[in-house]
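Breakdown of the fold
Chain by chain, the residues run as shown.
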Amino acid sequence: MKVYPAKQSFYILLLLLGVAGIFGCTKTIIKPNNNNNNPGNGNGNPVTPADTLPSFYTPTGVAVDAAGNLFVADYGNNLIRKITPAGVVSTFAGSGTQGSINAKGLLASFNLPKGIAVDASGNVYVADAGNDLIRKIMADGTVSTLAGADSSFFAPAGVAVDAVGNVYVADAGNGLIRMVTAAGKVSALPGPAGGLFQNPTGVAVTHTGNIFIANFLDNTIYKIDALDSASVFAGSGSQGADNGTGASASFYYPNSVAVGPGDTLYVADGVNNLIRKISPAGVVSTLAGSGLAGAVDSTGVNASFDGPSGLAVDAAGNVYVADSNNNLIRKITPAGKVTTVAGSGKAGAQNGIAITNHHPVSVESTRKDYLRIWYR
């Protein structure tokens, strides 16, 4: 059997991380019993209890719809959560038990959902990494399988959707960027020099059809243009946190990308604990983050993150961050002011109304925790 370079890297790192997990885990979280925290009405519809300080368990993806609702891929809880503009957190879909059941709301199931996107009609798309599937959730919470039953995905990590309903998938384990039509037809987009990407984990698409990829292992951001040509847009390929233009900049395992107004690109630079910004001309700067692991709400480099993962940008240019190791959802204004939208900082699956200006609990984490998420 032929093993491609991207898969070789994947298997080697998975083995190393497995060994490291046996001998040196420093973070232990007991998964909550989600069924006690998210009762339903018997028809799969969630009922939100009047709790405060909702909680998440290693959120890895976030998406925002036109009305300002946030959808969160709550990876550790196997749930899709929803946060209204008023700060009400509920479970949009998922029972909390690992599975691949297609049903409505709490009757459906997921297995380590990682990336998430929402289209103009309010349909939500999920990279269901543990099931190797791409799932679709209608606005009423009904879950179906869009792709993967007949096409082979391997740990899909990121998803994005364009204006006509095509879904783009960062098929991490296969080293591919795949496109799925609304009818479920799957095709592969060209890779670097006709080859494979190095564990691509994030994907975003502009209104003009340019596609950007977080090429995780290569520490680069790739671009596929309208002529289907793939090239490095930013990043030297070496690990670092340098700002600059194009190849003079550096990243450290970037995992997610999102496009904002004016086709400005945002990058979750995971190990650096930074949110980076890239202009259409390829100029890389730091939007927020000190580089030190933490959960400080402040402005620009005075704020801190811990293993930031999924990103989303609203029409006003606000950036939302799934701050994985902190179990928080954060917001960054265009001026770089960071606040906490929801999450207590403790791992859990509590629903309710988020309280602003609270002080989240910082969770001890290591680089190994971050890598384990993206090599699951």
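Everything here concerns the structure above.
Description of the structure in this document. The model shown is predicted, which means the values in this text are computed figures rather than measured ones. (Residues numbered from 1 in each chain as written. Predicted model: local features only at pLDDT ≥ 70, side-chain atom pairs only at ≥ 80, totals over all residues. Heavy atoms only, no water.)

Re the nonpolar core
- Ranked by internal contacts, the top residues of the largest apolar core, which has 15 residues, are I80, I116, V124 and I137.
- Put simply, the parts of the chain that give this core at least two residues each are β2 (70-74), β4 (88-93), β5 (113-118) and β6 (124-128).
- Those residues in contact with I116, other than ones at most four positions away along the chain, are G61, V62, A63, F71, V72, A73, I80, V124, Y125, V126 and V159. (Core = buried A, V, L, I, M, F, W, Y, C linked by side-chain atoms within 4.5 Å. Buried < 20%, exposed > 50% of the residue type's maximum accessible area, 1.4 Å probe, protein only. Helix = DSSP H or I, 4+ residues; strand = E, 2+ residues; numbered from the N terminus. Contact = heavy atoms within 4.5 Å.)

Section: the sheet that holds strand β8 (residues 143-147)
- Judged by pairing direction, the sheet is antiparallel, and its 4 strands sit side by side in the order β5-β6-β7-β8 without closing on themselves. If you trace the sheet from one side to the other, it starts and ends with β5 and β8, each paired once. Pairs of neighbouring strands in the sheet enclose a mean axial angle of 30°, with direction left out of account.
- Bridge analysis of strand β7 (residues 133-137) against β8 gives 4 bridges, and the strand direction is antiparallel. From the neighbouring strand, I134 faces β8, where its bridge partner is A147. (Pairing = 2+ DSSP bridges. Axes fitted to C-alpha atoms, helices over the stretch in contact; angles between N-to-C directions.)

Notes on the pairing of strand β10 (residues 167-171)
- Counting buried residues along β10, 5 of its 5 residues qualify, which places the element largely inside the surrounding structure.
- The side-chain alternation of β10 yields two buried faces, one formed by V167, V169 and D171 and the other by Y168 and A170.
- The sheet contact formed by strand β9 (residues 156-161) and β10 spans 5 bridges and is antiparallel. Its bridge partner being in β10, A160 is matched across the sheet by Y168.
- Counting the residues between successive antiparallel strands, the hairpin from β9 to β10 contains 5 residues, one of them, G165, with a positive phi of roughly 95°.
- As defined by bridge partners, β10 adjoins strand β11 (residues 176-180) across 5 bridges and the pair is classed as antiparallel.

Quick word on the packing of aromatic side chains
- Going through the model one piece at a time under the given rule, you end up with 5 aromatic pairs.
- Where F197 meets Y222, the ring centres are 5.4 Å apart and the plane angle is 90°; that geometry is what we call edge-to-face. In this pair, F197 sits in the loop between β12 (186-188) and β13 (200-205) while Y222 sits in strand β15 (residues 220-224), placing the two residues 25 residues apart along the sequence.
- Ring pairing ties together the aromatic residues F216, Y252 and Y253, which thus form one cluster. (Phe/Tyr/Trp six-rings, centres within 6.5 Å; stacked < 30°, edge-to-face > 60°.)

Describing the pattern of salt bridges
- On inspection of all chains with the given rule, the structure shows 6 salt bridges.
- Put simply, R135 and D128 hold a salt bridge, and the shortest N to O gap is 2.7 Å.
- Here D323 ties to R330 by a salt bridge, and the two come within 2.7 Å at their closest N and O atoms. Comparing D323 with R330 shows no difference in burial state: the two are buried.
- Bridged by salt links that share partners, the residues D297, D323 and R330 form one connected network. (Salt bridge = Lys/Arg side-chain N within 4 Å of Asp/Glu carboxyl O.)

What about the pairing of β5?
- Among the 6 residues that make up β5, 6 are buried, leaving the element largely enclosed by the rest of the structure.
- Two strands pair when backbone bridges link them, and β5 and β6 are joined in this way by 5 bridges, in the antiparallel orientation. If you follow P113 over to β6, its bridge partner there is D128.
- Hairpin remark: β5 followed by β6, antiparallel, with 5 residues in the connecting loop; positive phi at G122, about 90°.

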